[in-house]
Amino acid sequence: MTRWYSRLPLRSRLAMLVGLAVAVAVAVSAAACWVITRDRLTGQLDDTLSSVTDEANVAKLYAYCQGQPQSYAPTPYTIRLITATGAVCHDPDKPRIPVQRADVLVAERQPTSSVRTVRAENGTEMRVYDRSAQDTDGNRLAISIATPMDQVTQPLNQLALVLLLVAGVGVLGAATAGLWVARAGLEPVDRLTDAVEHIARTEDLTTRIPVDGEDEVARLSRSFNSMTSALAASRDLQQQLIADAGHELRTPLTSLRTNIDLLVRSEQSGRPIPAADKEALLVSVKAQMGELAALIGDLQELSRPERGPAAVEVVALHDIVGSALERARLRGPSLSITADLDPWYVRAEPAGLERAVVNLLDNAVKFSPPGGSVEVRLAGGELTVRDHGPGIPQDELPHVFERFWRSPSARSLPGSGLGLSIVARTAEQAGGAVRLRSADLGGTEAVLTLPGAATPPPEMPR
């Protein structure tokens, strides 16, 4: 049953649910109407029976029971006289009604009256009202007045038929209306489905769904449009990254192939290359291989998905900066690198944060003149790296964090143009920001700001 229902179209299920809801509501209303009508009709019948005072026929029936022939006036009621011993005298022209314990109790005045429905010996359903009385000799007895239940059951049967017809028409109408409402209400969903199928079939991420109103379907359409826009932008960035990576890889690969070709030809032709030239070729090959390795490492760093919450932990930024300073001093032994680091704890991915700090210091080392100085300061969650190099022109500052962008004056230096992009991405993932600005008296100042605290959390060992 569940599988059959789940295979139905959504509009059919909605129509079925609407029809079922209306059917239940109509059924409950009809049942309540029938029960209320039955109780009202039965109550009216009981009131009629309790008000009957056919004393003449009761007296004639009592005389008849004493052996005196009597003639009765026509009456719609069945009258019985029941003694406390259970003896009964009934109208000979009416259907016999069996004596029950309730009749005897009324004769004994326990209670003084009762009303109930019983079935006569001929099968007719009768409504019986008993009340206590006594004969001329003072003997207790019960006077029972009964009438057929037809005046209640016949109207109830007619009412049930009418209610059944009305309920059937109402359910059919509700199902039809539900199908129409489902078709009209799901029309935007159909448009959304068509758009999704079109995108899946053609991979055309420029498709947009018209958005009307502010309802849930409009919100879904707006979210879908935002998603396709984000996917299109991501695909464009991916294609741009591949194109830029191919362009950046082409130069060191071409140079590397040329140098290797020279070495191979020298070996094959038997004409050795002068020792100094050969050493220069090998140094160039080594440098180009290092440049390729650095470029591939940067590409891998940028292609990594964002780490989840499990990869983020509380780290001491001052310790990471201290480790990066040791590496920077090895790469720039002629430089004077000073540091002033205050404690600062941040939530970040440790390896990515260390890579970002190393990139900032590497840039400062690379662009500093021989014998120059680099000042590093960490205070209040703001890491400042200042060099005394040539600086960056103001018109180039907006582009420094773009992938593979390199200043025209720095293209002769080693590097991939991805270092600052990695820094910007790491800062964004940690909830911070990074910016570059021209320093006073020349040089460049890089400022990395990360949210955190000067003291570690209680769960972190000091």
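Below you will find a few notes about this structure. All figures in this text were calculated on a predicted structure; none of them were measured in a lab.

## Here's the deal with helix H5 (residues 150-185)
Now for step 1: Taking 1.5 Å of rise per residue, 36 residues should cover 52 Å, and H5 covers 50 Å from first to last C-alpha, within 8% of that figure.
Now for step 2: Turning to H5, its buried residues number three or more, namely Val152, Leu156, Leu159, Leu163, Ala167, Ala174, Gly178 and Ala182.

## Some details on unusual backbone geometry
Now for step 1: Residue proline 111 follows glutamine 110 across a cis peptide bond; omega there is 5°.
Now for step 2: In this structure, proline 111 sits in the loop between helix H4 (101-107) and strand S3 (113-119).

## Section: the pairing of strand S1 (residues 78-83)
Every other side chain in a regular strand lies on the same face of the sheet, so the side chains alternate between the two faces.
Now for step 1: Counting buried residues along S1, five of its six residues qualify, which places the element largely inside the surrounding structure.
Now for step 2: In terms of strand pairing, S1 meets strand S2 (residues 88-90) through three bridges, oriented antiparallel. Within S2, the position partnered with arginine 80 by the bridge is histidine 90.
Now for step 3: From the end of S1 to the start of S2, which pair antiparallel, there are four residues, and glycine 86 there has a positive phi angle of about 95°.

## A closer look at the sheet that holds S1
Now for step 1: Read from one edge of the open sheet, five strands run S2-S1-S5-S4-S3, paired in antiparallel fashion. The sheet is open, and its two borders are formed by S2 and S3, each paired with just one other strand. Pairwise comparison of adjacent strand axes, ignoring direction, gives a mean angle of 25° for this sheet.
Now for step 2: In this fold helix H2 (residues 10-51) packs onto S3, strand S4 (125-134) and strand S5 (140-148), with an angle of close to 35° to the strand it touches most, S4.

## A closer look at H2
Every α-helix carries 3.6 residues per turn, so stepping three or four residues along brings you back to the same face.
Now for step 1: The terminal C-alpha atoms of H2 lie 61 Å apart, and with 42 residues this matches the ideal 62 Å at 1.5 Å per residue to within 8%.
Now for step 2: Inspection of H2 places Ala15, Gly19, Ala30, Thr42, Leu45, Asp46 and Leu49 among the buried residues, and these make up the whole buried set.
Now for step 3: Residues of H2 that are buried make contact with S3, S4, S5 and H5.

## Looking at the packing of H2 against H5
Think of two packed helices as two axes; the pair is described by the angle between the axes and how far apart they sit.
Now for step 1: Taken N-terminus to C-terminus, the directions of H2 and H5 make an angle of 160°; their axes are 8 Å apart at the nearest point. With respect to H5, the axis of H2 lies roughly antiparallel. Like other packed secondary-structure pairs, H2 and H5 cross with a definite hand, here right-handed.
Now for step 2: When the residues that make up the contact of H2 with H5 are grouped by side-chain class, the tally is 23 nonpolar, six polar and three charged.

## A few points about the pairing of strand S12 (residues 444-449)
Now for step 1: Of all six residues in S12, five are buried, a share of seventy percent or more.
Now for step 2: Looking at chain direction, strand S10 (residues 382-386) and S12 are connected through five bridges and run antiparallel. Each residue of the ladder has a partner; that of arginine 386, found in S12, is glutamate 445.
Now for step 3: The hairpin formed by strand S11 (residues 433-438) and S12 contains five residues between the paired strands, and leucine 441 there has a positive phi angle of roughly 65°.

## Description of the nonpolar core
The nonpolar side chains of a soluble globular protein tend to be buried with one another.
Now for step 1: By size, the foremost hydrophobic cluster in this structure holds 36 residues, and its most contacted members are Leu317, Leu353, Val357, Leu361, Val376, Leu383 and Val385.
Now for step 2: For this core, the elements supplying multiple residues, two or more each, are helix H9 (317-331), strand S8 (345-348), helix H10 (350-367), strand S9 (373-379), S10, helix H11 (419-429), S11 and S12.
Now for step 3: When residues of this core are assigned to their parent elements, the largest contribution, eight residues, is made by H10.
Now for step 4: Excluding residues within four positions of it along the chain, valine 357 makes contact with Leu317, Ile320, Val321, Ala324 and Leu383.
Now for step 5: Leu45, Val58, Ile79 and Val152 belong to the second-largest nonpolar core, a separate cluster that totals 17 residues.

## Things to note about the pattern of salt bridges
Now for step 1: Inspection of every chain in the model, using the stated rule, returns seven salt bridges.
Now for step 2: Here the salt bridges do not stand alone but share partners, grouping Arg80, Asp103, Arg116 and Asp130 into one network.

## Focus on a nonpolar patch on the surface
Now for step 1: On the surface, a cluster of nonpolar side chains totalling about 240 Å² of accessible area is made up of Leu10, Leu14 and Leu17.
Now for step 2: The topology assignment puts leucine 17 in helix H2.

## Regarding the side chain of threonine 147
Now for step 1: Locating threonine 147 in the fold gives a position in strand S5.
Now for step 2: By relative accessible area, threonine 147 is classed as buried at 5%.
Now for step 3: Polar side-chain contacts of threonine 147 include one of 3.4 Å to the side chain of glutamine 151.
Now for step 4: What threonine 147 contacts, discounting residues up to four positions off in sequence, is Leu45, Leu49, Pro76, Tyr77, Glu125, Met126 and Arg127.

What counts, and at which threshold
Residues numbered from 1 in each chain as written. Predicted model: local features only at pLDDT ≥ 70, side-chain atom pairs only at ≥ 80, totals over all residues. Heavy atoms only, no water. Helix = DSSP H or I, 4+ residues; strand = E, 2+ residues; numbered from the N terminus. Expected span 1.5 Å × (residues − 1). Buried < 20%, exposed > 50% of the residue type's maximum accessible area, 1.4 Å probe, protein only. Pairing = 2+ DSSP bridges. Axes fitted to C-alpha atoms, helices over the stretch in contact; angles between N-to-C directions. Contact = heavy atoms within 4.5 Å. Parallel < 35°, antiparallel > 145°, perpendicular 65-115°, else oblique. Left-handed = near helix turned anticlockwise from the far one by under 90°. Nonpolar A, V, L, I, M, F, W, Y, C, P; charged D, E, K, R; others polar. Core = buried A, V, L, I, M, F, W, Y, C linked by side-chain atoms within 4.5 Å. Salt bridge = Lys/Arg side-chain N within 4 Å of Asp/Glu carboxyl O. Patch = residues over 30% accessible without salt bridge, like charges linked within 9 Å, V, L, I, M, F, W, Y side chains within 5 Å. Areas by Shrake-Rupley, 256 points an atom, 1.4 Å probe, with all protein chains shown as cover. Polar contact = N/O pair within 3.5 Å; in protein donor to acceptor, adjacent residues only side chain to side chain.

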